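Structure assessment
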Amino acid sequence: MLQELSIKNFAIIDSLSLSFEEGLTVLSGETGAGKSIIIDAIHLLVGGRGSSEYVRHGEKKAEIEGLFILDNETHPCFQKAADFGIEVEEGMIVLRRDISSTGKSVCRINGKLVTIAIMREIGASLIDIHGQHEHQELMNESLHLSLLDQFGGKDIASGLSGYGQVYKEYLSIYKQLKRLNENEQEMAHRLDLIQFQLKEIHDANLQLNEDEELQDEKRKLMNFERLFEALQTSYDSIQGERKGMDWAGLAMSHLETAAEVDSQYEKTLESVSNAYYILEDAANQVRGGLDQLEFEPNRLDLIEARLNEINGLKRKYGSTVEEILAYSSKIEEEIETILNKDSHVEQLQSKLQSLEKDLSLEAKNLSDTRKMWAKKLTASIHEQLKQLYMDKTKFEVRFVKSGENESFSFQDFKKDGWDTVEFYISTNPGEPLKPLSKVASGGELSRIMLALKTIFSKHQGITSIIFDEVDTGVSGRVAQAIAEKIYQVAVHSQVMCISHLPQVAAMADCHLFISKKMSGGRTSTMVKRLQEKDKIREISRMISGVEITDLTLEHAKELLQLAGSIKET
């Protein structure tokens, strides 16, 4: 949910901080008070198109910041944030957007600078904004299939999983076959290239870890004098006359005498004896190292040349010797495949045909499951529309393309099956069903969208939903039905609604009144959270239009009582 919102120097808003709660929040106020400006600010916060016109006159930049709390660990926002390298702690997402007076935007998510595209993608999983004339997600036919899949839940998800596994293998084989059937001239050029590359790598006769070993040897040769001097000094210190070994031997001899007199020095004698023999071994190792040291000036040149050769191969084929050898094995297999193209094509075609049968079977099972759930969705939509007094409206989930009784090629198989789904609707008896995106009436569109949203809000996982005057153009019993539907959506998602309907305001869990004030010759927007008494007066104003009377106050109280009864049930 959106918990905190801060807006500074945005349009007529000077500085505004709002706290939101779960459930239904209604924003009301006179026309032009700034209700839609607050929604515009939220829209920009989640990646909407910005403009310098939004910056308050005389200010350098507008600042918008919002804190979202995610209490569901499976919320898609977590994965999206991880994909973009954004850390999320304790389920908190902070979006911030600054718009300068020059029109440039700076976007941050949890303090990390991001592009507007990333902010839009993250924001889409947090907030869904529906305006009076906006079609948004539910009106986008390209997303109808995913909405049906969400509605079908585990049943469709299981079918998608089985289909996806076969499709992944099918796609891999198809791409291999396509590469082998490409233009013969391009294939010949490819063969010449990788044969040259393979010869170059083979001629180099690389050995694993060779470069690291050469680097070690190079370092020793370049520091030969330091190494020789250090070993020689070490040996002299241990083995030289009156040095380490002599003194240790002398100490051992005297301790032998002491141990003969007093047995308590036997352990001390043992320790010194061990030290003496350890020093003797160390001296022998240092002596051996000195004997093996031999400076070869030409060897350093050979190492440099070999390392240059290996580095040249690294620039072409991999960052390590291991990667170069792996690339060599890969192109060796490719050469063998190209040289024996016909037999490989035959094998791949046979495997592809077998996989296509499996894929068709999985796609059909998935499509059948979707059609079953499409009937359930249709019945649910009709029930919702009936409650919104649109019982004559017909809704249909139409499978525009399906694999049944058709011969499908690779292009017809998609990662989510072979179905293409679109929602169709007819709002008047006798009229043909038309695509949902073609529905034109503002009032009808609002109710249709609300019916769909009532169902899909349970499945979409959107944190917050904003309705921007979707109740315009309705009244009476339809207005009451819309109010109840908006509240039903708020049961599953946080909902913010700009409304002029008293029925909607009465259903609010939190009622914010938006007004304007003049100060220092400038207009600013103010927000006040209404308590029970003020809420009654505001609903009364919404009923009467201008003058508040005892009758409208009583009517407002009745609406609130009715709303309370509806919420309880």
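Residues numbered from 1 in each chain as written. Predicted model: local features only at pLDDT ≥ 70, side-chain atom pairs only at ≥ 80, totals over all residues. Heavy atoms only, no water.

Here we look at the overall build of the protein chain
As a reminder, the rule being used: Numbering of helices and strands runs from the N terminus, with a helix taken as a DSSP run of H or I at least four residues long and a strand as a DSSP run of E at least two residues long. Here the radius of gyration uses the C-alpha set of atoms, whereas the globule reference equals 2.2 Å times the residue count to the power 0.38. Partly exposed describes any residue whose relative accessible area lies between the buried limit of under 20% and the exposed limit of over 50%, with all areas from a 1.4 Å probe on protein chains only and scaled to the type maximum. Any two residues having at least one pair of non-hydrogen atoms within 4.5 Å are treated as being in contact. The method behind every accessible area is Shrake-Rupley, applied with a 1.4 Å probe, and residues are considered shielded solely by the protein chains displayed. Charged-residue counts in this description rest on Lys and Arg as positive and Asp and Glu as negative, His and the chain ends being excluded. In this description, the location of a charge corresponds to atom NZ of lysine, CZ of arginine, CG of aspartate or CD of glutamate.
Each helix and strand counted, the protein chain has 17 helices and 15 strands in total. Over its C-alpha atoms the protein chain spans a radius of gyration of 39 Å, topping by over 25% the 25 Å that the globule rule assigns to 569 residues. Reported as C-alpha extents along the three principal axes, the dimensions of the protein chain are approximately 120 × 75 × 55 Å. The 569 residues of the protein chain split such that 42% are buried. Taking the intrachain contacts of the protein chain between residues at least 6 apart in sequence as the baseline, contacts between residues at least 24 apart amount to 71%. For the protein chain, the exposed area adds up to about 31,200 Å²; of that, 48% sits on carbon and sulfur atoms. Across the protein chain, the mean location of the 67 positive side-chain charges is 10 Å away from that of the 91 negative side-chain charges.

A short note on the pattern of salt bridges
Rules: Salt-bridge detection follows one rule: a side-chain nitrogen of Lys or Arg within 4 Å of a carboxyl oxygen of Asp or Glu.
Tallying each qualifying case throughout the model produces 24 salt bridges. For the salt bridge of Lys61 with Asp98, the shortest nitrogen-to-oxygen distance reads 3.7 Å. Linking Lys61 in strand 4 (residues 61-69) with Asp98 in strand 5 (residues 92-100), this pair joins segments that are 37 residues apart in sequence. Given a relative accessible area of 9%, Asp98 falls into the buried group.

Quick word on the sheet that holds strand 2 (residues 13-19)
Rules: A pair of strands is treated as paired once DSSP finds two or more bridges between them. Where helices are involved, their axes are fitted lines through C-alpha atoms of the stretch in contact, as for all axes, and angles between N-to-C directions lie from 0 to 180°.
One open sheet holds the six strands; their spatial order is 2-1-4-5-6-7, and the pairing between them is antiparallel. For this open sheet the edge positions go to strand 2 and strand 7 (112-114), each flanked by a neighbour on one side alone. Averaged over all pairs of adjacent strands, the angle between their axes in this sheet comes to 15°, without regard to strand direction. Inspection of the sheet shows strand 4 paired to strand 5 by nine bridges, in the antiparallel sense. Across the sheet, Phe68 pairs through a bridge with Ile93, a residue of strand 5. Across the face of the sheet, helix 1 (residues 35-45) comes into contact with strand 1 (2-10), strand 2, strand 4 and strand 5 while running at roughly 105° to strand 1.

Focus: the packing of aromatic side chains
We describe a pair of aromatic rings using the distance from one ring centre to the other and the angle between the two ring planes. Defined as follows: Pairing of aromatic rings covers Phe, Tyr and Trp, the last counted by its six-membered ring, and requires centre-to-centre distances within 6.5 Å; plane angles under 30 degrees mean stacked, over 60 mean edge-to-face, and any other angle means tilted. Note on geometry: a ring has a charge over it if NZ (lysine) or CZ (arginine) is within 6 Å of the ring centre and within 35 degrees of the ring normal.
Scanning the entire structure with this criterion turns up six aromatic pairs. With a centroid separation of 5.8 Å and 15° between ring planes, the pair formed by Tyr163 and Tyr167 is classed as stacked. With Tyr163 and Tyr167 both in helix 4 (residues 144-180) and four residues apart, the pair spans about one turn of that helix. Considered together, Tyr163 and Tyr167 belong to a single accessibility category, that of buried residues. Taking the ring centre of Trp373 as reference, the NZ or CZ of Lys376 above it sits at 4.2 Å. Taking NZ or CZ as reference, Arg398 lies 4.0 Å from the ring centre of Tyr424, over its face.

Some thoughts on the nonpolar core
Nonpolar side chains tend to gather and get buried jointly when the protein is soluble and globular. Where we set the bar: Here, nonpolar core refers to any group of buried Ala, Val, Leu, Ile, Met, Phe, Trp, Tyr and Cys residues whose side-chain atoms link them within 4.5 Å.
Ranked by internal contacts, the top residues of the largest apolar core, which has 71 residues, are Leu24, Leu377, Val397, Phe423, Phe467 and Ile486. One finds Leu27, Ile38, Ile122 and Cys510 within the second-largest nonpolar core, a separate group that totals 44 residues.

Overview of the pairing of strand 14 (residues 510-519)
Of the strand pairs in this sheet, strand 3 (residues 24-28) and strand 14 are connected by four bridges, and their pairing is parallel. Paired with Thr25 across the strands is Cys510, a residue of strand 14. From the end of strand 14 to the start of strand 15 (residues 522-529), which pair antiparallel, there are two residues, and Gly520 there has a positive phi angle of about 60°.

Digging into unusual backbone geometry
Positive phi, normally seen in glycine, also occurs at Ala11, with a value near 55°. Among the secondary structure elements, Ala11 is positioned in the loop between strand 1 and strand 2. For Ala11, a relative accessible area of 25% corresponds to the partly exposed category.

Things to note about a positive patch on the surface
The criterion, for reference: To count toward a patch, a residue needs a relative accessible area over 30% and no salt bridge; like charges are then connected within 9 Å, while nonpolar side chains (Val, Leu, Ile, Met, Phe, Trp, Tyr) are connected within 5 Å.
Judged by side-chain charge, Lys175, Lys178, Arg179 and Lys330 come together as a positively charged surface patch. For the positive patch, the element with the highest residue contribution is helix 4, accounting for three residues. Relative to the helices and strands, Lys178 is located in helix 4. Given the relative accessible area of 53%, Lys178 is considered exposed.

Some remarks on helix 17 (residues 550-568)
Because each turn of an α-helix spans 3.6 residues, side chains separated by three or four positions in sequence point in the same direction. Put simply, the test is: Multiply 1.5 Å by the residue count of a helix minus one, and that product is the helix's expected span. The directions considered for the arc run from the helix axis to the C-beta atoms.
An ideal rise of 1.5 Å per residue puts 27 Å on 19 residues; helix 17 measures up with 27 Å between its terminal C-alpha atoms. Restricting attention to buried positions, one finds in helix 17 the residues Thr552, Leu553, Ala556, Leu559, Leu560 and Ala563. Down the axis of helix 17, the buried set is contained in an arc of 115°. They therefore lie on one face. Away from its buried face, by an angle of more than 90 degrees, helix 17 presents the exposed residues Asp550, Leu551, Gln561 and Glu568. The inward-facing, buried residues of helix 17 contact helix 14 (476-492), helix 15 (502-506) and helix 16 (532-544).

Points about the side chain of Ser499
Position of Ser499 among the secondary structure elements: in the loop between strand 13 (494-498) and helix 15. You can call Ser499 buried: its relative accessible area is 0%.

Some points on helix 3 (residues 116-124)
Every buried residue belonging to helix 3 is among Ile118, Met119, Ile122 and Gly123, and all of these are buried. For helix 3, the angular spread of buried residues about the axis comes to 130°, placing them on one side.

As for the packing of helix 10 (residues 297-317) against helix 11 (residues 321-339)
How two helices sit against one another is set out by the angle between their axes and by the gap between those axes. The condition that has to hold: To sort the angles, those under 35 degrees are grouped as roughly parallel, those over 145 as roughly antiparallel, those from 65 to 115 as roughly perpendicular, and the leftovers as oblique. Each crossing is labelled by how the near helix is turned from the far one, with a counterclockwise turn of less than a right angle marking it left-handed and a clockwise turn marking it right-handed. Nonpolar residues are Ala, Val, Leu, Ile, Met, Phe, Trp, Tyr, Cys and Pro. Charged residues are Asp, Glu, Lys and Arg, and all others, Gly as well, are polar.
Helix 11 packs onto helix 10 with a crossing angle of 60° between their chain directions and a minimal axis gap of 9 Å. When the axis of helix 10 is compared with that of helix 11, the two are oblique. Crossing geometry of helix 10 relative to helix 11 is assigned as left-handed. Residues Ile310, Leu313, Lys314 and Tyr317 of helix 10 touch helix 11, and the partners they reach there are Val321, Glu323, Ile324 and Tyr327. Residues belonging to the contact of helix 10 with helix 11 are distributed by class as follows: six nonpolar, no polar and two charged.

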